[in-house]
Structure formats: structure tokens, C-alpha cells
Amino acid sequence: MTITPAYGNINGGVFAWSEEKEKIRLAVNHELLKMPHIIDIAGFVGEDNKLKSEFDYGDHVHLSNEGGKQVAKFIEEQLIRKRMI
């Protein structure tokens with residue numbers, strides 16, 4: 001699965017997101033998406049390099065309870081579509 005965005009994340013009172021980290025995340029995701037069985041979670045939950053509000057727990061990195069349920073359903077659908085289950 002791709003790495004989800006984390007723009008706005010604060011860890012221990014320190015702004016944890018950086019442009020450098022974002023470039024790495026995007027580069028890794030770009031390479032992952034070249035593989036046949038990768039599920040693009042980042043594309044599903046993210047927009048403009050941050051979590052969509054309906055998925056954001058509030059800390060800008062973790063999924064909300066409802067967002068997690070939606071992601072689980074999305075993963076199941078993708079696994080079926082890719083004939084992995």
C-alpha cells in the first residue's frame with residue numbers, strides 16, 4: 001500500500017511534516033505504484049498532500065474510526081478487483 005499523507009502533523013509539540021519528508025513519501029509512492037499489486041491508499045484518503053477531513057482523526061496522520069472503516073472496505077474491494085482474494 002502507498003504511504004498516506006501527513007501534512008500538518010505535530011508530534012510532541014513539534015511540527016513533524018517537512019517538504020523533504022513529503023518529497024520522499026511521493027517518490028516512494030511513485031515507485032510503489034509501478035508494482036502490480038499495490039493498493040493506493042494515499043490516493044483514496046489524501047488530497048493536496050494531506051488527509052481528507054473525513055479520514056483525519058484530528059492529528060493529520062492517523063485515520064478516524066469511520067475513516068478506518070472506509071479504508072478497510074476500500075482495501076477489500078481492491079483485493080477482490082486485483083484477484084488477490
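About the thresholds
Residues numbered from 1 in each chain as written. Predicted model: local features only at pLDDT ≥ 70, side-chain atom pairs only at ≥ 80, totals over all residues. Heavy atoms only, no water. Helix = DSSP H or I, 4+ residues; strand = E, 2+ residues; numbered from the N terminus. Expected span 1.5 Å × (residues − 1). Buried < 20%, exposed > 50% of the residue type's maximum accessible area, 1.4 Å probe, protein only. Arc of directions from axis to C-beta. Contact = heavy atoms within 4.5 Å. Patch = residues over 30% accessible without salt bridge, like charges linked within 9 Å, V, L, I, M, F, W, Y side chains within 5 Å. Areas by Shrake-Rupley, 256 points an atom, 1.4 Å probe, with all protein chains shown as cover. Salt bridge = Lys/Arg side-chain N within 4 Å of Asp/Glu carboxyl O. Core = buried A, V, L, I, M, F, W, Y, C linked by side-chain atoms within 4.5 Å. pLDDT = per-residue confidence, 0-100.

A. Local environment of helix H3 (residues 65-81). The terminal C-alpha atoms of H3, which comprises 17 residues, lie 24 Å apart, in line with the 24 Å expected from a rise of 1.5 Å per residue. When H3 is considered as a whole, its buried residues turn out to be Gly67, Val71, Phe74 and Gln78. End-on, the buried residues of H3 take up no more than an arc of 60°, which puts them together on one face. Away from the buried face of H3 by more than 90 degrees, exposed residues Asn65 and Lys73 are located. Where H3 is buried, its residues contact helix H2 (41-45).

B. Looking closely at a nonpolar patch on the surface. Nonpolar side chains collect at one region of the surface, where Ile3, Ile24 and Val28 lie side by side and expose about 230 Å² of accessible area between them. Summarising the element assignment, isoleucine 3 is placed in the segment before strand S1 (10-11). Among the residues examined, isoleucine 3 registers a relative accessible area of 39% and is labelled partly exposed.

C. The environment of histidine 30, seen in detail. Secondary-structure assignment places histidine 30 in helix H1 (residues 19-32). Residue class for histidine 30 comes out partly exposed when judged on its relative accessible area of 48%. Taking the C-alpha atoms as reference, histidine 30 lies 8.7 Å from threonine 2; in sequence the two are 28 residues apart.

D. Seen up close, the nonpolar core. Among the nonpolar cores identified, the biggest contains seven residues, and these are Ile39, Ile41, Val45, Leu51, Phe55, Val71 and Phe74. Those elements that place two or more of their residues in this core are H2 and H3.

E. Up close: the environment of histidine 37. With respect to the helices and strands, histidine 37 occurs in the loop between H1 and H2. It is 9.2 Å that separates the C-alpha atoms of histidine 37 and glutamine 78, two residues lying 41 residues apart in sequence. Setting aside residues no more than four positions away along its own chain, histidine 37 makes contact with Lys82 and Met84.

F. Summary view of the confidence of the model for the protein chain. Put simply, the protein chain has an average pLDDT of 95, and 100% of its residues get 70 or more. Here S1 stands out as the element of the protein chain with the lowest mean pLDDT, 87, in contrast to H2, whose mean of 98 is the highest.

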